[in-house]
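One letter stands for each residue in the lines below.
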Amino acid sequence: MSGQLQLHDEDSIVRCYLCRNDAAGPCMRCRRSVCGDCCVIVEGKAQKWAVCLRCEKNEGTALSGWASLALFFGKIVLTLIALILLLAWWAGDLG
Ligand SMILES: [Zn+2]
Ligand SMILES: [Zn+2]
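By convention here, each chain's residues receive numbers from 1 onward along its written sequence. To read the labels, note that chains go from A and ligands from 1, taken in the order they are written. Restriction of local features to residues with pLDDT of at least 70 applies here, the model being predicted, together with a cutoff of 80 or more for giving and counting side-chain atom pairs; totals for whole chains, interfaces and linings are based on all residues.

In this section: the overall build of the protein. If you tally the helices and strands in the protein, you get two helices and four strands. Working definition: helices are DSSP H or I runs of at least four residues, strands are E runs of at least two. Numbering for both runs from the N terminus. Counting helices and strands in the order they occur from the N terminus, the protein gives α-β-β-β-β-α. Note on burial: count the other C-beta atoms lying within 10 Å of the residue's C-beta; 20 or more is buried, 12 or fewer is exposed, in between is partly exposed, and C-beta positions come from the backbone. Split into buried and exposed, the 95 residues of the protein put 11% on the buried side. Distance between backbone-placed C-beta atoms decides contact: two residues are in contact if it is within 7 Å. In the protein, 15% of the contacts between residues at least 6 apart in sequence involve partners at least 24 apart.

For the rest of this paragraph, the subject is unusual backbone geometry. Here the phi dihedral of Arg 20 falls at roughly 70°; this positive angle occurs in a residue that is not glycine. Overall, the presence of 11 C-beta atoms within 10 Å leaves Arg 20 in the exposed class. With phi around 65°, Arg 31 is a residue other than glycine that occupies positive phi space. Position of Arg 31 relative to the elements: it lies in the loop between strand S1 (25–26) and strand S2 (33–34). A tally of 8 C-beta atoms within 10 Å means that Arg 31 is categorised as exposed.

To continue, consider the nonpolar core. In this usage, the nonpolar core is the set of buried Ala, Val, Leu, Ile, Met, Phe, Trp, Tyr and Cys residues whose C-beta atoms join them within 7 Å. With nine residues, the main nonpolar core is built from Cys 16, Ala 23, Cys 27, Val 34, Cys 35, Cys 38, Cys 39, Ala 50 and Cys 52. The residues touching Cys 38, leaving out its near neighbours within four places in the chain, are Cys 16, Leu 18, Cys 19, Cys 52 and Leu 53.

Right, let's get into the pairing of strand S3 (residues 39–43). Looking along a regular strand, one sees side chains alternate from face to face of the sheet. The pairing criterion is simple: DSSP has to find at least two bridges between the two strands. Pairing between S3 and strand S4 (residues 48–52): five bridges, direction antiparallel. Following the sheet pairing, Glu 43 is matched in S4 by Lys 48. Hairpin connection, S3 to S4: the antiparallel pair is bridged by four residues.

The next subject is the confidence of the model for the protein. The pLDDT value tells you how sure the predictor is about a given residue, anywhere from 0 up to 100. In this model, the protein carries an average pLDDT of 84, and 81% of its residues clear a pLDDT of 70 or more. In the model of the protein, helix H1 (residues 2–12) stands out as the element of lowest mean pLDDT, 55, in contrast to S2, which has the highest, 95.

The next point concerns the environment of Cys 55. Relative to the helices and strands, Cys 55 resides in helix H2 (residues 53–94). Note: C-alpha distance between Cys 55 and Cys 30 (25 residues apart in sequence) is 7.4 Å. In contact with Cys 55, not counting residues within four places along its chain, are Cys 27, Arg 29 and Cys 30.

Quick look at the structure:
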C-alpha cells in the first residue's frame, strides 16, 4: 500500500517528457516539460530559453536540409562554371 502512495507522489512531480527525469522547466517551443539533460539553453535578448532536444533537432535537420540542398546546387553551379571556363580556355588556346 505504501508503494501505491509513493507512486501517486511521483506522478505529481513534473517529469521530463523525453527521459522521465525531474523536469527543469518547459520547452520554449512545444511547452512540454524537459529536464536539464534533454534541453539546450538558447540565449535570447533579455532571457535564456530552454528548447527541448526534439525541437532543437527538428530545427537542426530543417536547417541542415536547406544547407545540404544549397551545397548540392552550389556544387552543380561550380562544376558548370569550371566546365565553361575550361572550354573557353581550351577554345581560346586552340583558336
Ligand atoms: Zn530528460
Ligand atoms: Zn520542445
